[in-house]
Amino acid sequence: MPRGRYSLHDPHDRTPLGEEHFQCATGPSGWRYVSQLTAPSGDRAGSVDLTLDGLGRPLRLELTTPHWQVRGAALDGVTWVRADPAGEQAQEGNAPAHAFTGASPAFLVATARLLRPAPGAPATRVRLVAFAPPVLAPRTLDQAWALVDSEAHATDSGPLTVDHYRVDDLETGERHSVHIAGDVVLAAPGIELEDLESPPSTFD
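Residues numbered from 1 in each chain as written. Predicted model: local features only at pLDDT ≥ 70, side-chain atom pairs only at ≥ 80, totals over all residues. Heavy atoms only, no water.

The protein appears in an unreviewed UniProt entry as Glycolipid-binding from Streptomyces radiopugnans.

Draft legend 1. Region of interest: the pattern of salt bridges. The final tally for this structure, using the stated rule, is twelve salt bridges. The salt bridge partner of Glu192 is Arg14, with a shortest N-O separation of 2.7 Å. Here Glu192 is found in strand β15 (residues 191-196), whereas its partner Arg14 is found in the loop between β1 (3-9) and β2 (16-27), with 178 residues between them in sequence. Classification of Glu192 as partly exposed rests on a relative accessible area of 30%. Assessed through its relative accessible area of 51%, Arg14 is described here as exposed. Three or more residues are tied together by salt bridges with common partners; here these are Arg32, Asp49, Arg60, Glu62 and Arg71. (Salt bridge = Lys/Arg side-chain N within 4 Å of Asp/Glu carboxyl O. Helix = DSSP H or I, 4+ residues; strand = E, 2+ residues; numbered from the N terminus. Buried < 20%, exposed > 50% of the residue type's maximum accessible area, 1.4 Å probe, protein only.)

Draft legend 2. Expanded view of the pairing of strand β14 (residues 184-188). Here strand β13 (residues 175-181) runs beside β14; their pairing, made up of three bridges, is antiparallel. Residue His179 lies in a different strand from β14, and its bridge partner there is Ala187. Here β13 folds back onto β14, and the loop between the two strands holds two residues, one of which, Gly182, carries a positive phi near 60°. One ladder, built from two bridges, connects β14 with β15; its direction is antiparallel. Each residue of the ladder has a partner; that of Ala187, found in β15, is Glu192. (Pairing = 2+ DSSP bridges.)

As structure tokens, this is what we get:
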């Protein structure tokens with residue numbers, strides 16, 4: 001069960017956005033990721049709880065920030081409820097999308113798991129609903145993912161395969177790279193892996 005810490009920053013000017021302390025695990029029915037977020041001040045900034053089924057679809061999503069929370073799942077596309085902590089401003093939403101995305105590295109692992117592109121194959125298009133902190137307002141976006149290459153690296157616990165993905169934002173034309181080993185993001189825009197207590201899990 002990997003457990004560790006990501007540092008988060010603005011990908012454009014590198015302004016620190018805080019840290020995400022996480023743990024995740026694969027199982028017979030899929031994958032679960034839970035994390036606690038802290039602001040640069042050290043104050044609690046929210047949490048992430050994401051469970052995928054064996055095909056990479058979101059069985060359950062729960063995001064929180066100090067003033068908002070979102071619960072969602074894959075249902076008739078994707079369905080979610082966004083509310084204040086007291087539940088007084090609850091709004092339900094639905095979109096013909098494949099999955100969710102957001103600031104957490106968990107969503108990069110989830111999208112890669114959902115698409116599973118083959119090396120050298122044409123990019124796979126995916127429609128996602130994004131929730132951006134701190135207000136977690138939903139936004140639908142389209143991306144294209146391609147697996148550029150996979151490389152095995154020697155480690156003390158055995159070979160570690162690192163997948164290099166190219167991700168295109170189909171609205172803005174922006175392109176960036178994401179490097180993932182198993183269920184851990186090694187590098188991506190705005191994300192740095194600072195600490196990892198055990199090797200990444202591998203998916204069957």
